[in-house]
Amino acid sequence: MSLAVVGCSPSGEEAAFPSRAIEIVSWATPGGPTDLLSRALAEAAPPHFEGRRVTVMTRQGGAGAAGMQYLQGRAGDPHVLGVFTASGTVNMATGRIPFSPGDFTPILRIQIDPFLIAVRDDSPFHTLGDLFEAAHARPGEVSVSGFGAASAHFLGFARLRAAAGDPDVRWIAYEGSADAVVAALGGHTDAAHTNYNIVREHLRAGTMRVLGVALPVEALPDTPSYAEQGYDLTPVHWRGVVGPPGLDPALRADLRARLMAAIEDPGFREYMERAALEYATMADADAFGAWMAEEVATSRDMLRRLGILDE
Amino acid sequence: MSAFFDGLLTALQPGNLAALLAGSLLGVFAGAMPGLSSTVGLALVLPVTFALDPTPALLMMVSIYMAAEYGGSITAIAIGVPGSSPALATTFDGYAMTRRGEAGRALGISLFSSMSGGLLGTVLLVLALGPLSRAAIAFGPAEYFGLGVFGLSIVANLVGKDPFKGIVSALLGLLFFIVGLDVLTGAPRLTFGTNALMDGLGLVPMLIGFFAIAEALEAVTGRRRSTPPGDGIAGALPKARELFGLWRTILRGSAIGGLIGAIPGAGATIASIVAWNEERRVSKTPERFGTGLPAGIAAPEAANNSCVGAAMIPLLALGIPGSASAAVLLGGLTVQGVAPGPLLMTERSELVYALYAGFVVAVLLMLAVGRLGIPLWTRVVRLRPSILMPLVVAISLVGTFSLRGNAADAWAALFFGLVGFAMLRGGYPLAPAVLGLILGPMIETNYRRALSLSSGSHSIFLESPISLVLILLAAVSFAAPAVRSRLISGRTRAPEPDTHDGPDTHDGPDTHDGPDAYDNEPRHEEHE
């Protein structure tokens, strides 16, 4: 009797983490970059979680809100994790999802996927300056295609455009980044705002060129970054792991250490390389939390400036 | 050619063949289960492929994709519920044939046409990769708008005997598509402040609601068909002569599937409806479409399988997924370190040829797996609708939920079930509403996108030859049924074709799907 009571005590449970399978809640499109990160993590994690099964559980809907709600409802449970992205913080800023970074426990930012602007090989533009000058000269006639409206891509571009003196460049929203690239490849828009991995093969084949990249990419040594072209900003797409709210600090540190080990796994490294993504872990979990809060604030400022958000 | 045989040898290695076979079985299952689709099947095996080498992983995925397009027609034919959305058009004639007691014949025609379409789509993929990929990117906002309007003009052939009710149905579909986030501004529309409606009302819940739940309500309220559709239903397969006699239909369907399938985002559902409609247009007896004509099954089924090879064209040549299923495939390829794009053919030609050969083997395995399943399905058809339909509803709701793990989808299906039931009671055809929901987003977003590019000038739709031709075709297609029936009634009073099947005559108006009502059309014209 007394033994059973000891077995159920909170300290007993903590010592036993992980006491069952780990769930990664995925609210992203199947096969898309965020879903792939969840799955690569599920592959690499088990050895670092005492051999426990790590499963990806799909809960899509409400621009991610359905999955986030599930995660939020599992307060204090270290066995449930989710992959959070720049889209999540932008959706928080627009109010599209009824959550704030404080509703989750930030654990580990894993990767960044810098934005870039690409054009078809026969484009008259060679630098970001060319693109924005043309837009200043012919307002409303230069178009850039990219994923979504009031999305992370849109805000990344809006910030760049603001730094260039707000020329009238048309943002043509598409359902996906790949669709936006097709629009530029087909000559329907002048340029595409996208990520490196989506245009990588076209860059290698010479069918597309990059005008500028938000952060220097190892694979693009000759492409000047936004900063090198005089636009002092580094908008990136990022993805990281968060837990449910109210995670015990010791468990949070434990989870972070285990995930850090998992992403060093050779299989995971291979995935990162193949998907052309860069590691971008931060100093600690608090820094990741501060980053998320800052992302929400920056997005909100830009949305207000554009008149999309009131106040 | 020798490269192709090397590819064939690769595809026939035991491990690869096992992957192809597993894919066929899973694909037919995912396709046939209402709620699941090729996309879901692919997403399910995605984690499994992580552990495989690139070749078997890729072969398993293409095999699932191919087999699911046939699988969708099984439930469409057997119980009138499209197993996945590209089989929607197959319900028109396929289910009508089943109700006549010829389920085996209908399934046989579907399987043969799916096989032929799959092979022809592969031929297109191999021979026209370059030109078709260039044609695909020529589709910009104006062209997509034209394609959407052309697709919507098919409503004219789906409205049934009462054009007013058909148009109301189409408008209802267009109204439903508005729900959700506006793609171009990100603003929520008609969501009533709820998160559940943010992603809009999906096609899958609509298909489940309209074709499974509404039908089940009809069955359990005893309003229709209390007897099984045709006692002593024939499991007999079609004769070879009948199948080969469909070669023109299959060629046309495959060509339509191949062209529309290669355009990113257009997809197999639109292609199969267009193929059905074209077949009806060229037919000498268009009024009999929807009453169980072999060509009405062969055309959409050839088209949706031909789309599989075609959807690989933008994926392989440009690295751009042409469909939701191709997007999952791209994810799988990325993990395998295979980067599709302009250089794939030169750098990984052995893999590409193994893929081509894999398509051929996958089609043949689909034929074998499908053939073995036909006796089983013709037995399912013999169940009493009052038992079968609630079962179908239960399975469908589970399928709808598992699609995204979201209970809101199951609620949406129930909502559409009630809407569909009310529409059936009121004599409103359901197919136009489905077409509205599918094409509404394509038309609206591309219309606004085009105007945004042209600074508000509508001339953008006329300057593009593709868009202009499509819009003209749409006008012709929309007006054709009315003009033709006027001509016919002016010339001769066509005798009323007796296409109602004896034991299966319903007491209510037969508005299950639009075209069904077509056997009533001449009657309607005589009233004028």
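Residues numbered from 1 in each chain as written. Chains lettered and ligands numbered in written order. Predicted model: local features only at pLDDT ≥ 70, side-chain atom pairs only at ≥ 80, totals over all residues.

### Concerning the overall build of chain A
Just so we agree on the cut-off: What counts as a helix is a DSSP run of H or I of at least four residues, what counts as a strand is a run of E of at least two, and both are numbered from the N terminus. Both definitions apply: the radius of gyration is a C-alpha atom measure, and the globule rule equals 2.2 Å times residues to the power 0.38. With C-beta atoms placed from the backbone, a contact is any residue pair whose C-beta atoms sit within 7 Å.
A tally of regular secondary structure across chain A gives 12 helices and 10 strands. For 311 residues, the compact-globule formula gives about 19 Å, and the C-alpha radius of gyration of chain A, at 21 Å, lands near that figure. With respect to the principal axes defined by its C-alpha atoms, chain A has extents near 85 × 45 × 30 Å. Residue pairs at least 24 apart in sequence account for 76% of intrachain contacts in chain A once pairs closer than 6 positions are excluded.

### Details of unusual backbone geometry
Cis geometry is adopted by the peptide bond preceding proline 18 of chain A, which originates at phenylalanine 17 of chain A and carries an omega value of -5°. With respect to the secondary-structure elements, proline 18 of chain A resides in the loop between α2 (10-15) and β1 (22-26).

### Remarks on helix α9 (residues 196-205) of chain A
All names here are of chain A. Stated formally: Three classes are used. A residue is buried when 20 or more other C-beta atoms lie within 10 Å of its own, exposed when 12 or fewer do, and partly exposed in between, with C-beta atoms placed from the backbone. Arc definition: directions from the helix axis to the C-beta atoms.
Along α9, the residues classified as buried are Tyr196, Ile198, Val199 and His202. Projected down its long axis, α9 carries its buried residues within an arc of 135°, all on one side. Buried residues belonging to α9 abut β4 (105-120), α8 (177-185), β7 (191-195) and β8 (208-213). Positioned one or two residues after α9, glycine 206 has a phi angle of 80°, which is positive.

### A closer look at helix α4 (residues 65-72) of chain A
Every buried residue of α4 of chain A is accounted for by Ala65, Ala66, Gly67, Met68 and Leu71 of chain A. Packing partners of the buried residues in α4 of chain A comprise β1 and β3 (80-85) of chain A.

### Some points on the interface of chain B and chain A
So the rule is basically this: Residue polarity follows a fixed list, in which Ala, Val, Leu, Ile, Met, Phe, Trp, Tyr, Cys and Pro are nonpolar, Asp, Glu, Lys and Arg are charged, and the others, Gly among them, are polar.
On the side of chain A, 44 residues touch chain B, which itself brings 45 residues to the contact. Among the elements of the structure, α3 (38-50), α15 (324-335) and α20 (431-453) of chain B are those that each provide at least two residues to the side of chain B that touches chain A. Top element by residues in the side of chain B that touches chain A is α15 of chain B. It accounts for seven residues. Counted by class, the side of chain B that touches chain A contains 27 nonpolar, 15 polar and three charged residues.

### Considering the domain arrangement of chain A
All names here are of chain A. How we decide: Just so you know, the domain bounds were taken from an automatic or database domain assignment.
The domains assigned to chain A are domain 1 (10-112 + 236-305) and domain 2 (114-229). One C-alpha centre belongs to domain 1, the other to domain 2; they are set 29 Å apart. If you look at the interface, domain 1 gives 13 residues, while domain 2 gives 15 residues. Where the side of domain 1 that touches domain 2 is concerned, the elements lending two or more residues are α5 (86-94), β9 (236-243) and α12 (285-305). Here the residues of the side of domain 1 that touches domain 2 are counted per class, giving nine nonpolar, four polar and no charged.

### Examining the confidence of the model for chain B
Residues and elements named next belong to chain B. Stated precisely, the cut-off is as follows: As a per-residue measure, pLDDT tells how confident the predictor is, with possible values from 0 to 100.
When pLDDT is averaged along chain B, the result is 86; 90% of the residues meet or exceed 70. Across residues 493-528 the pLDDT falls below 50, and counting only partners more than four positions away or on other chains, this stretch makes 71 contacts in the model. Here the complex is predicted with pTM 0.86, and the ipTM for its interfaces comes to 0.85.

### So, the confidence of the model for chain A
All names here are of chain A. Looking at chain A, pLDDT values average 91 and 95% of them are 70 or higher. Between the elements of chain A, mean pLDDT differs from a low of 41, seen in helix α1 (residues 2-8), to a high of 97, seen in helix α6 (residues 128-137). Counting interchain partners and residues more than four positions distant, the pLDDT-below-50 stretch residues 1-14 has four contacts.

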